[in-house]
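Understanding the architecture of this molecule
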Amino acid sequence: MNAPVRLPLPPSLYADTAVAPTATPPLDVDKSVSVAIIGGGFTGLSTALHLAEQGVEALVLEAQEPGWGASGNNGGQTNPGLKHDPDQIEADFGTDLGRRMIEFSYGTTNFTHDLIRRYQIPCEARHNGTLRAAYNEASAAAIDKTAQQCIHRGMPVTLLNREQLRELTGTDRYLCAMLDARGGDLHPLSYARGLTRAAISAGATVHGETPALALRRDGSRWRIETPRAVVHAEKVLLATNGFTDDLWPALRRTIVPVFSSIAATAPLSDEVARSIMPTRPVLYESGHITVYYRIDQRNRLLMGGRGPMHWISSPSDVAYLIRYAERLWPQLKGVAWTHGWNSRLAITKDHYPHVHEPAENVLISLGCNGRGVALSTAMGAQLARRLTGGAKAELDMPITGIKPIPMHAFWPVGVTSAVIAGRVRDRLGI
């Protein structure tokens, strides 16, 4: 077997400032375990941790290092909920499952921050709220609709007007916003490394630089081939999200891998940082092309959004984000932007997370649609329960069949066109 190709971390602010990693050496001897998990992002690591807490032998196989993908390179926002509004979720999945999905998804941020506190994970976590902001009338109406549905269900949500937002964000760009007190932020690579450490301390095994090359049934168990060794497992979880390949038939064609990019400034002065977001909530815009941002604990502004559909390595690669930041806050002109990076996340056609059980003792979870930090963490507990309890252990998410997206081969062209069209519509306010 060929040795795996070790890729460096994307050139992110996180790579330069994260806590030190825990040793996760490549697998070099054959192993037999209860559960093998393919993918060392938040979903896989959280599942391994929750299995280990129950005394279940869990082994994680990660092609690079834990947190190498979108888990360690995202916007760092812990945002509650799903892409769709609560009423739409109930309409799509019925009263029983729909309400469970709503309760689960809007509780993921509290779950995540509780987990961080329980394991004392050093990842700069804060619980300062999430702002979903509108800058045109159509988005404002949509946010008002979402807020009313959340308030009707007793959620800690507040609808803010333009004046209130000017005080919270330092710009008069926004007409209104929904503030959800359960949101927050963290350092995602430090969090991934902390989850790794917690999972290992609980009894799980994590192997980096160990891609799964082949997966097949071998008698009553599953056989996973890696470059140096073979794993036999009673059960398998695939949690590869935006880096899903052809390990399982047709799975890659059920998601669209989309790059999300971030640019970060050098630390701002206290005066400038206070003039932008004095109370430090996180914010994402409700537009055709989502822009999101926050100020971290070192006073750096992190601006994120859709960028080139290829790897980047410099803030100049996402100059439009820098120009937009200067439009929101003119006082940023002349400020140094030190980092620019991206990674791939998974978008599903229906914008719901997808959970599959395509064969006996095989579970798949992917497609967080941009809400991966808290959602994938909380999904870990759900998936662990299903892996140990079987069909009797109901999830608070639907389990669906694998349905490839039609014309999937053309997704790069489609995504690029959609990004360009969305930016134009956002500029025009339509």
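Residues numbered from 1 in each chain as written. Predicted model: local features only at pLDDT ≥ 70, side-chain atom pairs only at ≥ 80, totals over all residues. Heavy atoms only, no water.

1. Overview of unusual backbone geometry
The residue E124 is not glycine, and still its phi comes out positive at about 60°. The residue N369 is not glycine, and still its phi comes out positive at about 55°. What makes N369 buried here is its relative accessible area of 9%. (Buried < 20%, exposed > 50% of the residue type's maximum accessible area, 1.4 Å probe, protein only.)

2. Considering the sheet that holds strand β16 (residues 337-348)
The mixed open sheet is built from eight strands, whose spatial order is β5-β6-β4-β13-β14-β15-β12-β16. Each edge of the open sheet is held by one strand with a lone partner, namely β5 (157-161) and β16. Strand-to-strand twist across the sheet, computed as the mean angle between neighbouring axes with direction ignored, equals 20°. Note that strand β12 (residues 255-265) and strand β15 (residues 301-306) share five bridges and pair antiparallel. (Pairing = 2+ DSSP bridges. Helix = DSSP H or I, 4+ residues; strand = E, 2+ residues; numbered from the N terminus. Axes fitted to C-alpha atoms, helices over the stretch in contact; angles between N-to-C directions.)

3. Remarks on the environment of T377
Mapped onto the elements, T377 comes out in helix α11 (residues 372-389). In this structure the C-alpha to C-alpha distance between T377 and T265, which are 112 residues apart in sequence, comes to 28 Å. Those residues within four positions of T377 in sequence are excluded, and the remaining contacts are F42, S46, H50, F111, T112, L115, Y191 and G372. (Contact = heavy atoms within 4.5 Å.)

4. What to know about the side chain of N369
Within the secondary structure, N369 sits in the loop between β18 (362-366) and α11. Separated by 2.9 Å, the side chain of N369 and the backbone nitrogen of T348 make a polar contact. Polar side-chain contacts of N369 include one of 3.4 Å to the backbone oxygen of Y352. Not counting chain neighbours up to four residues away, the residues in contact with N369 comprise A346, I347, T348, H351, Y352 and P353. (Polar contact = N/O pair within 3.5 Å; in protein donor to acceptor, adjacent residues only side chain to side chain.)

5. As for the environment of S105
Tracing the sequence through the fold places S105 in helix α4 (residues 95-106). Separated by 52 residues in the primary sequence, S105 and E53 have C-alpha atoms spaced 22 Å apart. If we skip the residues at most four places from it in the chain, S105 touches P80, G81, L82 and M397. A polar contact of 2.8 Å, which involves the side chain of S105, links it to the backbone oxygen of M101.

6. Observations regarding the nonpolar core
Grouped together as the largest cluster of nonpolar side chains are 54 residues, with contacts concentrated most on L51, Y191, L195 and M397. Ranked by residues supplied to this core, first place goes to α11 with seven residues. Residues in contact with L195, not counting those within four places in the same chain, are F42, L45, S46, L49, L115 and I121. Judged by nonpolar contacts, the second largest core, of 31 residues, contains Y135, L268, A273 and L328. (Core = buried A, V, L, I, M, F, W, Y, C linked by side-chain atoms within 4.5 Å.)

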